[in-house]
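# Topology and contacts: notes
Each chain, written out:
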Amino acid sequence: MEAVSAAQIIFIVVALLTVATTFLVVTVRNLIHAALWLVATLFGIAVIFVLLDAGFMATVQIVLYIGAIAILIVFAVMLTRRVMQDVGPQSNENWWLGTIVAAVFFAAISTLLWSIRWPALPGAVVGDTVLALGRSLVDPNQYVIPFEVASVMLIIALIGSITLALPGKQSE
Amino acid sequence: MSIANFHPNDLLAILPELALVVLAGVIMTMDIVLAENRKRLLGLTTAVGSFVIIAAAVIFSQPNGELIWGGMISNDMVAFIFRLVFIFAGGITALLSVDVKGVAHKGDYYAIILGAVVGMCFMALAADIIMLYLAVETTGIAGYVLAGYVHRSSRSAEAGLKYFLFGAATSAVMLYGLSLVYGFTGETNLTAIASVLASGKVGISVILASAILILVGVGFKIAIVPFHFWAPDVYEGAPTPVTGFISTAAKTAGFAVLIRVFITGLTASEYWLPILVALAALTMTIGNLLALAQKNIKRLLAYSSIAHAGYALVAFVALSELGVAATVFYLMVYVITNLAAFGVVILVSRSGAGEEIAGYAGMSRRSPYLALAMLVAFLSLAGMPPLAGFFGKFYVFAAAMKAGLVWLALVGVLNAIIGLYYYLVVLKVVYVSPPQEGALAIEVPRAYSFALVILSVGIVLLGTAASPWFEWALSAAQGIF
């Protein structure tokens, strides 16, 4: 058994905190609290990106997910709901079945992950990672097509969410 | 990291997708510019545009079997056939939408359909799991919006939400599988993944686990047992043209992913094959048995489409050139036939007769031609010669027999008999039951009669002259083995 490095300790702590806050996101009844726990979750994921030497992704995670999306959720909740407290039951009579499935799934995946000797993957990009990332996204021999498809997907999501959110005309 | 080895021809290969995106932009612009009483042009333009794109694709985008765009997409014949099928289904869906209340005059509705078609095309083209996942999500998000499009109707809203929740959960599970694949091979390209697997350095448990996890995502898309629970509710609640689209094109796109991931990528078939064989048998049987009890035509077609996914899977598990060719041919037939069936359903529910099978009573006397279209579609779904569905099933069972899966072919034949029964029950209502008092002829706008004529001719053509189409599918299958 090798000695546990500092990075591993940080990872374990952060990972546990991330899972715990995620659990709180879906269990607390106050919507604002849920949104704030979501901020904590997203921050935990940003730390994991840092541990993976993906500084740019960590920045994006904080600026976009925490700075924009989570804050937007908070605003949306505050502006649209007069009642911040969610009412009604949080689970139905099948909750135990869901728990069993989730537990089995968790057990299976973690047993699997423990049992494998993972191959060493190519190391992180040396040098300016942002430059390499930016280039790879517009390079026809790398990721330009997925990049463009992602933009089609985002436009569909944008149009779709506007369509679903707009109040309908009376004629229909 | 340069564009030195970029071939302009690669742009021609994705010409259909580029054109679809442009067409979506045109539709959105027309939506703003057109006067309210001319909005019908939106759907017609979408349909005509799609058919023009098919013609352009046949002329300019013939596949060469190479991996292009940095290995992201595979420009081969399988992808080509699937893409033509998707664009055709998108065009027909637009045509079948032009007089449906709630969706007909909405530019964004047609634009989202076109976006979904783009996603499906890339699902068929994908040769890399990053590309694959993005394409699956593109199709998925468009599908969720379409299913919930008439969100002031609580049933459509429920359909959209249900589709979304199931889709999000299953694609998250699939992402687990894909990241496992990347974790143990260090590759994202499916061909490269296959060569790592061939080296034998990867343990059984990992391959099996990732195959199962990916199968959850794909199984949702193609609605096989046990990932079929969403299908009847979503099919019933979604606007009917969308139901037709989801049950044909989206399902076919799922099979394209199945072929890509499981034949090109996870080549170690001995581990996951038994699971797929069992699922094929279960899917056919459960789909058909549940269809027997349905009173609502959309739910009946939902369960029947589950069963049809089972038949297509029977051919797939033969894992041979013949098997893949039979899958592709079966899906071509299924898309055309099911779109025709949904076309009739749209017209009948437009006329106010509702979606219950009882509402079809005496349709042959009210609208003989429409009843004829329904007869052709349902007999083809049932697999009666000389219609396309017969040859579809014939090739499927032949492929299974040849691969030594005689019992599976037998289960399939038994299921075809169950299927025949409930399709004939509907046809009996249409042809034998007396019409309700004062029932008028069902109004068939010209766009719909055009679509139904194309589809019916297609069903007869794929049946009476099946072999050139099957040869085409076979040449595609030979390209991927």
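In what follows, the structure referred to is the one given above.
These remarks concern the structure in this document. (Residues numbered from 1 in each chain as written. Chains lettered and ligands numbered in written order. Predicted model: local features only at pLDDT ≥ 70, side-chain atom pairs only at ≥ 80, totals over all residues. Heavy atoms only, no water.)

## Observations concerning the overall build of chain A
Our working rule: Only runs of H or I of at least four residues qualify as helices and only runs of E of at least two qualify as strands under DSSP, and these elements are numbered from the N terminus. For this analysis, residues touch if any pair of their heavy atoms sits within 4.5 Å. Using a 1.4 Å probe, accessible areas were evaluated by the Shrake-Rupley method; residue-level cover was limited to the displayed protein chains.
The helix and strand inventory of chain A stands at six helices and zero strands. When contacts within chain A are restricted to residue pairs at least 6 apart in sequence, those whose partners lie at least 24 apart make up 53%. Surface exposure of chain A reaches about 12,200 Å², of which carbon and sulfur atoms provide 74%.

## Concerning the overall build of chain B
Condition: Each radius of gyration reported is based on C-alpha atoms, and the globular scaling rule is 2.2 Å times the count of residues to the power 0.38. Buried, partly exposed and exposed residues are distinguished by accessible area as a fraction of the type maximum, computed with a 1.4 Å probe on protein chains only: under 20%, between the cut-offs, and over 50%, respectively.
Within chain B, the regular secondary structure consists of 20 helices and two strands. Over its C-alpha trace chain B gives a radius of gyration of 21 Å, about what one expects of a compact globule, namely 23 Å for 481 residues. By principal-axis analysis of the C-alpha atoms, chain B measures approximately 70 × 55 × 40 Å. The buried share of chain B, taken over its 481 residues, is 63%. In chain B, the share of contacts with a sequence separation of at least 24, taken over all contacts with a separation of at least 6, comes to 80%.

## Points about the interface of chain A and chain B
Condition: By definition, the buried area sums, over both parts, the 1.4 Å-probe accessible area that each loses when the two are put together. Salt bridge criterion: a side-chain nitrogen from Lys or Arg within 4 Å of a carboxyl oxygen from Asp or Glu. In protein, a polar contact means a hydrogen-donor-capable atom and an acceptor-capable atom, both N or O and within 3.5 Å, with residues adjacent in sequence counting only if both atoms are side-chain atoms; elsewhere, any N or O pair within 3.5 Å suffices. Residue polarity follows a fixed list, in which Ala, Val, Leu, Ile, Met, Phe, Trp, Tyr, Cys and Pro are nonpolar, Asp, Glu, Lys and Arg are charged, and the others, Gly among them, are polar.
On the side of chain B, 44 residues touch chain A, which itself brings 31 residues to the contact. When chain A packs against chain B, close to 3,300 Å² is buried across both sides, 77% of that on carbon and sulfur atoms. Along the contact surface separating chain A from chain B lie zero salt bridges. The tally of links between chain A and chain B comes to two residue pairs in polar contact (both at pLDDT 80 or more). It is helix α6 (residues 144-165) of chain A that contributes the most residues to the side of chain A that touches chain B, 13 residues altogether. When its residues are assigned to classes, the side of chain A that touches chain B shows 23 nonpolar, five polar and three charged.

## Re the pattern of salt bridges
All names here are of chain B. In the structure shown here, the tally under the stated rule is 13 salt bridges over all chains. Close ionic contact of Asp 76 with Arg 260 constitutes a salt bridge, the shortest N to O distance being 2.9 Å. Here Asp 76, found in the loop between β2 (73-75) and α4 (77-97), pairs with Arg 260, found in helix α11 (residues 240-265); they are 184 residues apart in sequence, far enough to count as distant. Just as Asp 76 is buried, Arg 260 falls in that class too.

## Structural notes on helix α19 (residues 446-464) of chain B
Residue and element names in this part refer to chain B. Counted only if it meets this: One less than the residue count of a helix, multiplied by 1.5 Å, gives the span that helix is expected to have. The directions considered for the arc run from the helix axis to the C-beta atoms.
In this model, α19 (19 residues) spans 27 Å end to end at C-alpha, consistent with the 27 Å of a helix rising 1.5 Å per residue. All buried positions along α19 are accounted for by Ala 447, Tyr 448, Ala 451, Leu 452, Leu 455, Ser 456, Gly 458, Ile 459, Leu 462 and Gly 463. Seen from one end, α19 has its buried residues packed into an arc of 155°, which puts them on one side. Those residues of α19 that are exposed and aimed more than 90 degrees away from the buried face are Arg 446, Val 453 and Thr 464. Buried residues in α19 make contact with α3 (40-60), α4, α14 (321-350), α16 (368-382), α17 (388-402) and α20 (466-480).

## Remarks on the environment of Leu 114 of chain B
Tracing the chain through its elements places Leu 114 of chain B in helix α5 (residues 107-125). Excluding residues within four positions of it along the chain, Leu 114 of chain B makes contact with Leu 20, Leu 23, Ala 24, Ile 27, Thr 46 and Ser 50 of chain B.

## Here we look at helix α2 (residues 31-51) of chain A
Residues and elements named next belong to chain A. Compared with an ideal rise of 1.5 Å per residue, which puts 21 residues at 30 Å, α2 spans 31 Å between its outermost C-alpha atoms and is within 8% of the ideal. The complete set of buried residues in α2 reads Ile 32, Ala 34, Ala 35, Thr 41, Leu 42, Gly 44 and Ala 46. In this structure, the buried side of α2 is in contact with α1 (6-27) and α3 (55-80). The N-cap residue of α2 is Asn 30: its side-chain oxygen and the backbone nitrogen of Ile 32 are 2.9 Å apart. Following α2 by one or two positions, Asp 53 has its phi on the positive side, about 65°.

## Re the packing of α17 of chain B against helix α18 (residues 406-431) of chain B
Residues and elements named next belong to chain B. We count it as follows: Here, axes are lines fitted to C-alpha atoms. For helices the fit covers the stretch in contact, and angles between N-to-C directions go from 0 to 180 degrees. Angle categories: roughly parallel below 35 degrees, roughly antiparallel above 145, roughly perpendicular from 65 to 115, and oblique for all the rest. Crossings are sorted by hand: turned counterclockwise from the far helix by less than a right angle, the near helix makes the crossing left-handed, and turned clockwise it makes it right-handed.
The contact between α17 and α18 brings their axes to 7 Å, and the two run at 155°. One way to sum up the angle between α17 and α18 is to call them roughly antiparallel. Remark: the crossing between α17 and α18 carries left-handed chirality. Contacts between α17 and α18 pair Lys 393, Phe 397, Ala 400 and Met 401 from the former with Val 406, Ala 409, Gly 412, Val 413 and Ala 416 from the latter. In terms of residue class, the contact of α17 with α18 is made up of seven nonpolar, one polar and one charged.

## A look at the packing of α4 of chain B against α5 of chain B
Residue and element names in this part refer to chain B. At their nearest, the axes of α4 and α5 sit 9 Å apart, and the two run at 165° to each other. Judged by the inter-axis angle, α4 sits roughly antiparallel to α5. Judged by the twist between their axes, the crossing of α4 over α5 is right-handed. Along the contact surface, α4 presents Ala 79, Phe 82, Arg 83, Phe 86, Ile 87, Gly 90, Thr 93, Ala 94 and Ser 97, while α5 presents Tyr 109, Tyr 110, Ile 113, Val 117, Met 120, Cys 121, Ala 124 and Leu 125. Here the residues of the contact of α4 with α5 sort into 13 nonpolar, three polar and one charged.

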